[in-house]
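# Results of the structural survey
Here's the letter readout for the chains.
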Amino acid sequence: MESLQSGYKEVSVSRGYKYRYYFSAPESGKLSLLFAHGFPSLAIDWRYQIAYFKAKGYGLVVPDMLGYGGTDKPVNHKEYLHSLLAKDLVDILEHEKVTNVIAIGHDWGSKTTSVLANLFSERFLGFAFFAMGYMAPNPSKTYEELQEEITKVVGYNTFGYWGLFAAPDGAEIIEKHFGVKIESFWDLVHPKDPRIWKYNTCPPGAARVFCQSDTRTPRDPAHQELQHVYEKEFSKGGWVGPLSYYKVALDGDAEDSKKIPLENYTIKKPVFIGCAKKDVICAPALSKPVAAQFCPQATIEEFDTGHWVPTDAPDEVNLALDKWINSIVA
């Protein structure tokens, strides 16, 4: 991780915000990979992919997304509209004069990657999504309608926790009840048993109860390596920025989606979707129908992990992603 830390750079994008990002130039003839993380993560969460693809000569652009780590953290949630975030990432690519790029997202990073495909498709060779697949624009459905639709597909509501994360007091509750180390929060984020989410995260109100009662559950040891980094970065940066991704999903995303022409909903470039079999929130049953409708060149792989598939199955992910990349540039 020391070599990763030394590879960070900073740049101010066109709307004035400073981004911190890991950068490694491509070797001659190699393409570049842009990685976008989700909630609550950092650029360093892609460390296994960075090490693997750098060794193979790929170029790498891996930012701390807006609100995280060394990147600026505006408090107005409307600054986190995904059309704006997508343009920020393109600005970083332009700054580094990077061409021949594939964009890769996980969690909320998949939403930003989706909008890159909608608005800047000509800039990329392809798009990859992990855990959550391609997220088509949503110009009209309400939060309540989405919950009803998802419940019909998977049999339960996967969005109940948004009620806490998007609430006005969400950041205050996390900071107050979890303290500096926020042990309970990281238990919930990285549980040893992914099924915990179905009962303590998905039902409306369950995450709030878990937080306010300081509940503990066994944590996945695979994520302990970065715990000191998480504690440092999130205690320093706070939770207003990261939680803004949920607030803007409820207040702004529909209007933002209206900027995208209907013909841009379909991704005409190659798409890779890495589903996580044990992910009870970003369930494969949600990603596959969308891919069938909007991604005619989709390759879908399933990994026997929970939500954190790039970390939990790095060797399998790297090999599958590398194989797909080679197949589309051959």
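Refer to the structure above for everything that follows.
Here's a quick rundown of the structure.

Analysis parameters
- Residues numbered from 1 in each chain as written.
- Predicted model: local features only at pLDDT ≥ 70, side-chain atom pairs only at ≥ 80, totals over all residues.
- Heavy atoms only, no water.
- Pairing = 2+ DSSP bridges.
- Helix = DSSP H or I, 4+ residues; strand = E, 2+ residues; numbered from the N terminus.
- Axes fitted to C-alpha atoms, helices over the stretch in contact; angles between N-to-C directions.
- Contact = heavy atoms within 4.5 Å.
- Buried < 20%, exposed > 50% of the residue type's maximum accessible area, 1.4 Å probe, protein only.
- Salt bridge = Lys/Arg side-chain N within 4 Å of Asp/Glu carboxyl O.
- Expected span 1.5 Å × (residues − 1).

On to the sheet that holds strand β2 (residues 18-24). Strand order in the open sheet formed by 8 strands is β1-β2-β4-β3-β5-β6-β7-β8, with mixed pairing between adjacent strands. Every interior strand has two partners, whereas the edge strands, β1 (8-12) and β8 (298-303), have only one. This sheet shows a mean twist of 20° between the axes of neighbouring strands, independent of strand direction. Taken strand by strand, helix α14 (residues 284-294) contacts β7 (271-276) and β8, and its axis lies near 160° from that of β7.

Moving on to helix α12 (residues 240-250). The complete set of buried residues in α12 reads Gly241, Pro242, Leu243, Ser244, Tyr245, Tyr246 and Val248. Looking one or two residues beyond α12, the residue adopting positive phi is Gly252, at roughly 145°.

It is worth spelling out unusual backbone geometry at this point. Looking along the chain, the bond that leaves Phe39 and enters Pro40 is cis, with omega of -20°. Within the secondary structure layout, Pro40 lies in the loop between β3 (32-36) and α2 (47-55). Even without being glycine, Lys97 reaches a positive phi, approximately 55°. Residue position: Lys97 is located in the loop between α3 (82-95) and β5 (101-106). Given the relative accessible area of 73%, Lys97 is considered exposed. Here Asp214, not a glycine, exhibits a phi torsion of approximately 50°, which is positive. Mapped onto the elements of the fold, Asp214 is located in the loop between α10 (206-212) and α11 (227-237).

The subject of this paragraph is the pattern of salt bridges. Under the counting rule described, the total for this entry stands at 22 salt bridges. Residue Glu233 pairs with Lys236 through a salt bridge whose shortest N-O separation is 3.5 Å. Placement of both Glu233 and Lys236 in helix α11 is noted, with a separation of 3 residues, approximately one turn of the helix. On the basis of relative accessible area, Glu233 is assigned to the buried category, the value being 9%.

A separate point is α3. Compared with an ideal rise of 1.5 Å per residue, which puts 14 residues at 20 Å, α3 spans 20 Å between its outermost C-alpha atoms and is within 8% of the ideal. Most of α3 sits out of view: 10 of its 14 residues are buried. Residues of α3 that are buried include every one of His82, Ser83, Leu85, Ala86, Asp88, Leu89, Val90, Asp91, Ile92 and Leu93, and no others. The first or second residue beyond α3 is Lys97, which carries a positive phi of 55°.

This next bit is on the environment of Pro284. Its location among the elements puts Pro284 in helix α14. Between the alpha carbons of Pro284 and Gly274 there is a distance of 8.9 Å; along the sequence they are 10 residues apart. Residue contacts for Pro284: discarding those within four places in its chain leaves Cys275, Ala276, Lys277, Asp279 and Pro289.

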